[in-house]
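Coordinates in review
Take a look at the letters that make up each chain.
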Amino acid sequence: MSSMIEFRNVQKYYGEFHALKDINLEIDKGETVVLIGPSGSGKSTLSRTVNGLETIQEGQLIVNGRDIADRSTDINRIRRDVGMVFQHFNLYANKDVLENVMLAPRIVLKMSEEENKKQAMALLDQVGLADKAHNMPSQISGGQQQRVAIARSLAMKPRCMLFDEPTSALDPEMIDDVLKVIKYVTSQSDMTSLIVTHEMGFAQEVANRVIFMADGQILEDDSKDKFFDHPTNERATQFLSKIIKH
Amino acid sequence: MIHLLTSNWSAFISGFGWTLLSSVLALFFSLIIGSLFAILEVVPNKALRIIGNVYVEIFRNIPLLVITMFFYLVIPLYIVKINGFAAGTVGLTIYTSAFIAETVRAGINSVDPGQMEAARSQGMTFWQAMRHIVLPQAFKYVLPPLGNQFVNLVKNSSVLAFVAGFDLMYQGNAIASQTFDTVNTYVIVGIFYLIITLPISYYMQHLEKKLA
Ligand SMILES: Nc1ncnc2c1ncn2[C@@H]1O[C@H](COP(=O)(O)OP(=O)(O)O)[C@@H](O)[C@H]1O
Ligand SMILES: [Mg+2]
């Protein structure tokens, strides 16, 4: 068992709308996969099915050895192992930075208060924000909030991380600090990552593999080098030339 | 007026006491029941949502007096004997809880859905996410309308007068009909109500400022 995430003929509908069309995709443990594609192509939907924030209507989706679509699967158990970083950070607005990091380990993992606090401070230190531990989320910048959000996810000791356009809502001067943190996270050999991003330079640095989606379908799934050197799909080529130009 | 007050002092005070007691009990229980039904209205389970919705729509759209009379006259026939004070307080609790449910539900809906998603994505259950993340934010939003509900509740407690609940309004009616001094009697009754409602108004405003 070396795959962390496996989609088998997955179909997802929003009402009548066919949002994911027959997705087949296997992501191995330790891999870093970048998911790109035009807006509305289903990138968020795909990544959100992995931790069950969106349900699928057909097919199998196996995450860390368990089938998400199986009714007997405890989704909360899977979510412990799958961290998610959102475009708009979604830090808990009623908790300070330190509590944001400590809350889930306390109530979900029942981690001891002492260990939890030590871990939280170490993580905040890692993302360069130990001095903001007692600030409220509204008191720090977007880039800082996103780094706290990453620390919050890491506090659950996930085996897999999902990043959904983690820098799209940020001012340009904030982006690099966040990418640096993500790069560090993905570089850990036992971490599996799925990253939705429009940052092509960053994608080239961190990805093992690149997936191109359009209209709810996976149109190209290649190693990084092959994808950036000679993408075979027409639309992928067009998309790349557009996005790299500006 | 002073004479009227002093010569009927014990009646006024006992009425005030029963009104206060009924209000405190109804406030406490309607807040709990109302919050529970508010949560029921937003749970993922559809059957529970419908139950929550039906409860709120029924009790919000029936006059308080009808609900109270139901408890005073109908329940004793089939279930248990209850006195006017209990019937009035139960009626008041249920009626107010429907409004509080609506208020709290609006507050829950005004919390960014990303908050619930973030909590769920970390493995928290729906209830854990509600308790630690969503409800604390929702209550901040709904403090002002909740304060209004509390003030309305105290005023509505005068419904006890209709079912012999010995509350302020009941005593006022009795004193007015004995002394024929209706003007002064109801002025005094009004002042006693203000003694309860004004501090609530004031305190809610204070809380609102503190949490803002
Ligand atoms: N909750 C929803 N209800 C209905 N349609 C949705 C919902 N979420 C996304 N969609 C639709 O599904 C498609 C894919 O959306 P999304 O996964 O957000 O795309 P991307 O992240 O690639 O921009 C879009 O057409 C979008 O309008
Ligand atoms: Mg998206």
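About the cut-offs
- Residues numbered from 1 in each chain as written.
- Chains lettered and ligands numbered in written order.
- Predicted model: local features only at pLDDT ≥ 70, side-chain atom pairs only at ≥ 80, totals over all residues.
- Heavy atoms only, no water.
- Contact = heavy atoms within 4.5 Å.
- Buried area = accessible area lost by both parts, 1.4 Å probe.
- Salt bridge = Lys/Arg side-chain N within 4 Å of Asp/Glu carboxyl O.
- Polar contact = N/O pair within 3.5 Å; in protein donor to acceptor, adjacent residues only side chain to side chain.
- Helix = DSSP H or I, 4+ residues; strand = E, 2+ residues; numbered from the N terminus.
- UniProt positions renumbered as here; feature names shortened; annotations may be inferred.
- Pairing = 2+ DSSP bridges.
- Axes fitted to C-alpha atoms, helices over the stretch in contact; angles between N-to-C directions.
- Parallel < 35°, antiparallel > 145°, perpendicular 65-115°, else oblique.
- Left-handed = near helix turned anticlockwise from the far one by under 90°.
- Nonpolar A, V, L, I, M, F, W, Y, C, P; charged D, E, K, R; others polar.
- Buried < 20%, exposed > 50% of the residue type's maximum accessible area, 1.4 Å probe, protein only.

Below, the discussion takes up the interface of chain B and chain A. Tallying the contact residues gives 17 residues for chain B and 21 residues for chain A. When chain B packs against chain A, the two sides together hide about 1600 Å² of surface, and 51% of this comes from carbon and sulfur. Remark: the boundary between chain B and chain A carries 1 salt bridge. Here arginine 48 of chain A ties to glutamate 117 of chain B by a salt bridge, and the two come within 2.7 Å at their closest N and O atoms. Connecting chain B to chain A are 10 residue pairs in polar contact (both at pLDDT 80 or more). For the side of chain B that touches chain A, the element with the highest residue contribution is helix H6 (residues 113-121) of chain B, accounting for 7 residues.

Mapped onto this numbering, the UniProt entry annotates "domain: ABC transmembrane type-1" (unreviewed entry) at residues 16-204 of chain B. Split by type, residues 16-204 of chain B is 83% helix and 0% strand. Its first and last C-alpha atoms lie 22 Å apart.

What follows concerns the sheet that holds strand S1 (residues 3-14) of chain A. Residues and elements named next belong to chain A. Read across the sheet, 4 strands follow the order S2-S1-S4-S5 without closing on themselves; strand pairing throughout is antiparallel. At either margin of the open sheet sits one strand with a lone partner, and together these are strand S2 (17-28) and strand S5 (66-67). Here strand S4 (residues 58-63) pairs with S5 via 2 bridges, running antiparallel. Following the sheet pairing, valine 63 is matched in S5 by arginine 66.

A few words on the packing of helix H3 (residues 97-107) of chain A against helix H4 (residues 113-126) of chain A. Residue and element names in this part refer to chain A. Close contact between H3 and H4 brings their axes to 9 Å; oriented N to C, the two are set at 135 degrees. Compared by their axis directions, H3 and H4 come out oblique. H3 and H4 meet at a crossing whose hand is right-handed. When H3 is examined against H4, the residues Val97, Leu98, Val101, Met102, Pro105 and Arg106 are found in contact with a partner set consisting of Glu113, Asn116, Lys117, Gln119, Ala120, Met121, Leu123 and Leu124. Of the residues contributing to the contact of H3 with H4, the split by class is 9 nonpolar, 2 polar and 3 charged.

Residue and element names in this part refer to chain A. In this structure, phenylalanine 89 is a non-glycine residue whose phi angle is positive, near 65 degrees. Tracing the chain through its elements places phenylalanine 89 in the loop between strand S6 (82-85) and H3. Phenylalanine 89 gets classed as buried once you look at its relative accessible area, which sits at 9%. For glutamate 165, which is not glycine, the phi torsion reads 45 degrees and is therefore positive. Summarising the element assignment, glutamate 165 is placed in the loop between strand S7 (160-164) and helix H6 (172-187). For glutamate 165, a relative accessible area of 14% corresponds to the buried category.

Residue and element names in this part refer to chain A. Applying the stated criterion to the full structure yields 17 salt bridges over all chains. With a shortest N-O distance of 3.6 Å, glutamate 54 and lysine 12 are connected by a salt bridge. Note that glutamate 54 is positioned in the loop between helix H1 (43-50) and S4 and lysine 12 in strand S1, a separation of 42 residues in sequence. Its relative accessible area of 15% is what places glutamate 54 among the buried residues. In this structure, the salt-bridge partner of arginine 48 is glutamate 54, at a minimum N-O distance of 3.1 Å. The class of arginine 48 is buried, set by a relative accessible area of 14%.

Right, let's talk about the UniProt feature "domain: ABC transporter" (unreviewed entry) in chain A for a bit. The residues that UniProt annotates with the feature "domain: ABC transporter" (unreviewed entry) are residues 5-240 of chain A. In this annotation, residues 5-240 of chain A is assigned 38% helix and 26% strand; the end-to-end C-alpha distance for the span is 26 Å.

Per the UniProt record, the feature "transmembrane region" (unreviewed entry) sits at residues 20-40, 61-80 and 186-204 of chain B. For the annotated span residues 20-40 of chain B, helix accounts for 100% and strand for 0% of the residues, and the straight-line distance between the end C-alpha atoms is 30 Å.

Attention now moves to the environment of phenylalanine 162 of chain B. Residues and elements named next belong to chain B. Tracing the backbone shows phenylalanine 162 in the loop between helix H7 (126-156) and helix H8 (168-179). In this structure the C-alpha to C-alpha distance between phenylalanine 162 and tyrosine 72, which are 90 residues apart in sequence, comes to 9.8 Å. With residues near it in sequence (within four places) discarded, phenylalanine 162 still touches Leu65 and Met69.

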